[in-house]
Amino acid sequence: MMDLLDLILQPWIFIPLIFPGLTTAFLVLLGIIWAERKIAAKVQMRYGPLYVLKPLGGAIQMIADLLRYLFAEPIIPKDVDKLTFIFAPLILFGLSYLPTIVLPAGPGFTAISSEMSLLILLGLLTLSPVFTMILAWGSNNKFSLIGGLREGYLVTTYEIPLFLSALSMAVLYGTLDITAMVEAQKNVWGIFLNPLAAIVFLVLILISTSKFPFEIAEAESEIVMGPFTEYSGIFYGLVMGASYLKLYVLSLLYALIFLGGWYPLPSFLQNPPFLAGIMVFVKGLVIMFIAIFMRAIYPRYRIDQAIQIGWHKLVPLAILSIFLSLLVVYLGGV
Amino acid sequence: MSVSELLGNPVALSFIAATFLTLVSAVAVIWHKSIVYAAFFLSMLGVGNAILMTLLGYPVIALFHLVVYVGAAVTFILFSVVMLREAPMVELKERYLALIALALLSILLLYVFSGYVGMTSSYYVSYKEITALLVEKYWFALIIAAIALVTTLIEAITLARKEVVS
């Protein structure tokens, strides 16, 4: 039994399977969608999810929804491209979850220890839009196609400033290793050293994960469910979960490179990295709550407005954030 | 190398898997009649190439290959193809032509790299070394590359502005 526990606590198993990997990601997925619905309902003076475990405000509504997705028949329309229709959601979900493997759960507690972990994470994040567009094409539906095209437009908008703002922090800390970046924030958090990059990155999290006010690719009131219109059953669960997983990964990354990761936890509490992991998780959760809270308070931008914001405002701001990082380095660095 | 040695060597296994993925994807890119599928196989080709580059000791180049040739290029190809609504099918004649080009290119690459057979990379190049090399030794080439990129950017802006005026 102890051997099994020791094995599970090995970082190369713990990180992909427990935290920040599969188990935590799955629980977050269930919790965050419920919270999104509940918060939006509270703001709009409704009850929101209520009847599934009424004493806790319908807290396990998503488990009921998951069971429904699991047991509902996944309908595969006659005219779709079957291969892409079935496999693209699976790959999309897997690729959205994959970047968690390079995230550290605590000091020195990493599954893949690399001097370029930030670059690996960003590289893996760029792969998922390909499959969103493939499944949009494979669905053979005009709403899906329009949704896929909108996703394509948004990719061109958010990818460059996302990379620039993340890399501006790499310039600031002088490393591409996420663990080393957290260690560099021991005294001052990245958000205070380069607030410009922090703001740009936060907005780009909203764009890249299709959250309000940039929920443009899925836009329920315009194009049904965008690229995912034809999906039902467990396939719908997968494609819907993919964007929330991406939000989870980017929120944890935000917590690590801008919010000090496991700091201000004193060093004697950092090992074993249990509390450090919780600290990172709580910070990530705050970012996720900010992202889902936007649903309740903002309307949706049009696609041209989003692209304009991306190219006219976020790209110049991201470039400026690199210069700000260089200035901080010039003045003495971290 | 015996089969048992091969099974116990993750690097050799990864190399074989990546090579298989790369070759199959390369043929599928040419042979598949649907351009959307061809673009998908192009992305798999990029992934295979990135794995091979990592195994050879160049993870920085592998990552940029992944970001540029899969994340950006395939996204743009798919974006353009999907926008056409009816994805064009490739004619059989063109596919034969592409296959002949692939065969000729393979022969050329075999000829070029035949001198390196059996040699393995024994070092790891870190991104800091590459940056130092670029900034200190190849700074002029870097500036030229930057100017070339800025020129492309200006061209793109000019084209976009023209479209608005017309």
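Reading the values: rules and limits
- Residues numbered from 1 in each chain as written.
- Chains lettered and ligands numbered in written order.
- Predicted model: local features only at pLDDT ≥ 70, side-chain atom pairs only at ≥ 80, totals over all residues.
- Heavy atoms only, no water.
- Core = buried A, V, L, I, M, F, W, Y, C linked by side-chain atoms within 4.5 Å.
- Buried < 20%, exposed > 50% of the residue type's maximum accessible area, 1.4 Å probe, protein only.
- Helix = DSSP H or I, 4+ residues; strand = E, 2+ residues; numbered from the N terminus.
- Contact = heavy atoms within 4.5 Å.
- 1 Å grid on protein atoms, 1.4 Å probe; cavity = no way out; pocket = protein on both sides within 12 Å on 5 of 7 lines; lining within 4 Å.
- Points joined across faces, edges and corners; volume = space filled by probe spheres on them.
- Nonpolar A, V, L, I, M, F, W, Y, C, P; charged D, E, K, R; others polar.
- Axes fitted to C-alpha atoms, helices over the stretch in contact; angles between N-to-C directions.
- Parallel < 35°, antiparallel > 145°, perpendicular 65-115°, else oblique.
- Left-handed = near helix turned anticlockwise from the far one by under 90°.
- Phe/Tyr/Trp six-rings, centres within 6.5 Å; stacked < 30°, edge-to-face > 60°.
- Buried area = accessible area lost by both parts, 1.4 Å probe.
- Salt bridge = Lys/Arg side-chain N within 4 Å of Asp/Glu carboxyl O.
- Polar contact = N/O pair within 3.5 Å; in protein donor to acceptor, adjacent residues only side chain to side chain.

### A look at the nonpolar core
Residue and element names in this part refer to chain A.
- Formed by 120 residues in total, the largest nonpolar core has its most connected members in Leu-118, Phe-201 and Leu-253.
- Considering every element that reaches this core, the biggest residue donor is helix H13 (residues 233-257), with 17 residues.
- Every residue in contact with Leu-118, bar those within four places of it in the chain, is listed here: Ala-166, Leu-167, Ala-170, Leu-176, Ile-178, Met-181 and Leu-253.

### Observations concerning empty space enclosed by the protein
All names here are of chain A.
- Applying the stated rule across the entire model yields two cavities of 30 Å³ or more.
- In this model, the largest cavity occupies a volume close to 180 Å³.
- Lining the largest cavity are 20 residues, and of these Thr-132, Glu-151, Ser-208, Ser-243 and Lys-246 lie nearest its centre.
- Of all the secondary-structure elements, those providing two or more residues to the lining of the largest cavity are helix H5 (82-97), helix H7 (128-138), helix H8 (142-173), helix H11 (195-208) and H13.
- The leading source of residues in the lining of the largest cavity is H13, at four residues.
- Approximately 30 Å³ is the volume attributed to the second largest cavity.
- In terms of lining, the second largest cavity is formed by Leu-122, Leu-125, Thr-126, Tyr-158, Glu-159, Leu-162, Phe-163 and Lys-246.
- For the lining of the second largest cavity, the element with the highest residue contribution is H8, accounting for four residues.
- Here the residues of the lining of the second largest cavity sort into five nonpolar, one polar and two charged.

### As for the packing of H5(A) against H13(A)
All names here are of chain A.
- At a minimum axis distance of 8 Å, the contact between H5 and H13 shows a crossing angle of 20°. Between H5 and H13, the angle is such that the two are roughly parallel. Judged by the sense of rotation from one axis to the other, the crossing of H5 with H13 is left-handed. Residue-level inspection shows Ile-86, Pro-89, Leu-90, Leu-92, Phe-93, Ser-96 and Tyr-97 of H5 in contact with H13, the latter providing Phe-235, Leu-238, Val-239, Gly-241, Ala-242, Leu-245, Lys-246 and Val-249.
- Its residues assigned to classes, the contact of H5 with H13 comprises 12 nonpolar, two polar and one charged.

### A look at the packing of aromatic side chains
- Inspection of every chain in the model, using the stated rule, returns 16 aromatic pairs over all chains.
- Considering the side-chain rings of Phe85(A) and Tyr231(A), the 4.2 Å spacing of their centres and the 5° angle between planes classify their relative orientation as stacked. With Phe85(A) in helix H5 and Tyr231(A) in the loop between helix H12 (220-223) and H13, the pair connects residues that are 146 residues apart, well separated along the chain. An identical accessibility class is assigned to Phe85(A) and Tyr231(A); each is buried.
- With a centroid separation of 4.9 Å and 80° between ring planes, the pair formed by Tyr153(A) and Phe79(B) is classed as edge-to-face. Highlighted residues: Tyr153(A) in helix H8 and Phe79(B) in helix H4 (residues 59-83), drawn from two different chains.
- What makes Tyr153(A) partly exposed here is its relative accessible area of 33%.

### Section: the interface of chain A and chain B
- Listed per partner, the contact involves 28 residues of chain A and 26 residues of chain B.
- For the pairing of chain A and chain B, the buried interface totals around 2500 Å² over both sides, and the portion due to carbon and sulfur atoms is 79%.
- The interface formed by chain A and chain B contains zero salt bridges.
- In this assembly, chain A and chain B are joined by one residue pair in polar contact (both at pLDDT 80 or more).
- When contributions to the side of chain A that touches chain B are tallied by element, the ones reaching two or more residues are H5, helix H6 (117-125), H7 and H8 of chain A.
- Broken down by element, the residue count for the side of chain A that touches chain B peaks at nine residues, all from H8(A).
- When grouped by side-chain class, the residues that make up the side of chain A that touches chain B number 16 nonpolar, eight polar and four charged.

In short, geometric facts, not functional conclusions.
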